[in-house]
Amino acid sequence: MVLTGYSWLLLSAVFLSVGAEITITPQPAKPAEGDNITLAVQGLSGDLLAYNWYAGPTLSLSYLVASYIVSTGDETPGPAHTGREAVRPDGGLDIQGVLPRHSGTYILQTLNRQFQTEVGYGHLQVYEILAPPVVMANSTALVERRDTLHLTCSSPSPAEVRWFFNGEALPITIRLGLSPDGRVLTRHGIRREEAGAYQCEVWNPVSVSRSEPINLTVYFGPERVAILQDSTTRTGCTIKVDFNTSLTLWCVSRSCPEPEYVWAFNGRALKNGQDHLNISSMTAAQEGTYTCIAKNPKTLLSGSASVVVKLSAAVVAMMIVPVPSRPMEGQDVTLTVPGYPKDLLVYAWYRGPASEPNRLLSQLPSGNWIAGPAHTGREVGFPNCSLLVQKLNLTDAGRYTLKTVTLQGKTETLEVELQVALNLPSSHQDQRHLPEPEPGTG
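Residues numbered from 1 in each chain as written. Predicted model: local features only at pLDDT ≥ 70, side-chain atom pairs only at ≥ 80, totals over all residues. Heavy atoms only, no water.

The chain is annotated in an unreviewed UniProt entry as Cell adhesion molecule CEACAM16 from Vicugna pacos.

Below is the structure:
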């Protein structure tokens, strides 16, 4: 009897032997797509007539890959043949350029000369060469302790997944939530130390592929707002500054992003949006409380710090200082009064001794000043006791007297000698500097 085509399949249904010892083993054991593999067979017994290979869970004609006649070497492809399979004389099955779709259960059915059949089962797993996955985030900029992070590792391959943070394997913590397949990472109430680069990696026994990093920013603050002077924290302190010297205050905080800054002086906002404030020339008018307010535009939180700035005790004593110190004819001069009383009630300036005929002007409690008998129309008074004398002439030189009265009735008198330099025309100055002729010449 000669067996051809599928004719012996009908016989196999009658003479199927149970309890076969046939084993099927893939070689290599963990093939990658594109490999040439062999399903090697062990445990064949007896004088065999034919082999049937099936790629499926049952002995169904639809799963038949090929039939092979041992005596002639004839092979007949079945419905499940993909064009890559070939039956070996020893009963094994070669598959050229194996693909992931070749994965699954394989059955070998044998027929001996007694028309008895045996079957053996094996499993083939073909692993993909993995393409890089992609990390997708619900947002890459979150607010600390308010927002939740969701990261998804997107890959078409059914591979294992692991996560990396800043290039290191991500530790599994209580706060780290992973989906059962490991592809979705969740962090509730994100924290600043969790800002950085996230990657996921897919892997199988033959291939590993990692995603490009996705960078996460976590907004926080401002915290620990402080005012510094020369790198020293001054928050809540009193800073003593010498008269007419400069002072720079710096506002610092812990914040992401860098906060917006607002400065205030005695509760009134200043036109300064920088992280520092300059006081170029310290006077009594600049004494008070300076406040820095830091505002984070992302978290919508703010913080503040304050310092008190005062003139040094060494210059609190009242004095008269002309500015400029040696004015010239035609210039303006201001007689400044550092250390003037803060509880000032009234003051008066005099040209010479403090007597009514010599009075230039007086300031009233209302803040306005009135001219006196000696007023020339060129003098102006200010609330800080300063006196401006405009367009000086040589007759303005001499003694000036200031008299102050405080709310407590304390009276104090100060005097200053003002010098006015002659402003000579340039031709006169040139003649003054010509050398005198030597004796015997001319």
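A. Geometry of the nonpolar core. Ranked by size, the top nonpolar core spans 42 residues in total, and within it Leu249, Tyr290, Val309, Leu335, Trp349, Leu387 and Tyr400 carry the most contacts. At 4 residues, strand β27 (residues 302-311) tops the list of elements feeding residues into this core. In this structure, Val135, Leu151, Ile214 and Val218 belong to the second largest nonpolar core, which totals 20 residues. (Core = buried A, V, L, I, M, F, W, Y, C linked by side-chain atoms within 4.5 Å. Buried < 20%, exposed > 50% of the residue type's maximum accessible area, 1.4 Å probe, protein only. Helix = DSSP H or I, 4+ residues; strand = E, 2+ residues; numbered from the N terminus.)

B. The arrangement of the packing of aromatic side chains in detail. Taken as a whole and assessed by the stated rule, the structure comprises 3 aromatic pairs. Residues Phe165 and Tyr198 carry aromatic rings whose centres are separated by 4.8 Å and whose planes lie at 45° to one another, so their mutual orientation is tilted. In this pair, Phe165 sits in strand β13 (residues 160-165) while Tyr198 sits in strand β17 (residues 196-204), placing the two residues 33 residues apart along the sequence. Overall, Phe165 belongs to the buried group, its relative accessible area being 18%. Owing to a relative accessible area of 1%, Tyr198 belongs among the buried residues under this scheme. It is Arg192 that lies over the ring of Phe220; its NZ or CZ is 3.9 Å from the centre. (Phe/Tyr/Trp six-rings, centres within 6.5 Å; stacked < 30°, edge-to-face > 60°. Lys NZ or Arg CZ within 6 Å of the ring centre and 35° of its normal.)

C. Fine view of the sheet that holds strand β21 (residues 238-241). Overall, mixed pairing links the 5 strands, which are arranged β21-β27-β26-β23-β24 in an open sheet. One side of each edge strand has no neighbouring strand; the edge strands of this open sheet are β21 and β24 (268-269). Across 8 bridges, strand β26 (residues 288-295) lies against β27 in antiparallel orientation. Pairing of Ala294 across the sheet is with Gly303, part of β27. (Pairing = 2+ DSSP bridges.)

D. Representation of the pairing of β17 within the structure. In terms of residue burial, β17 counts as a mostly covered element, since 8 of its 9 residues are buried. Taken together, the 6 bridges between β13 and β17 define a ladder with antiparallel strand orientation. Residue pairing for β17: Arg162 is matched across the bridge by Glu201. For β17 and strand β19 (residues 214-229), the ladder comprises 3 bridges, and the chain directions are antiparallel. By the bridge assignment for β19, Ala197 is matched with Asn215.

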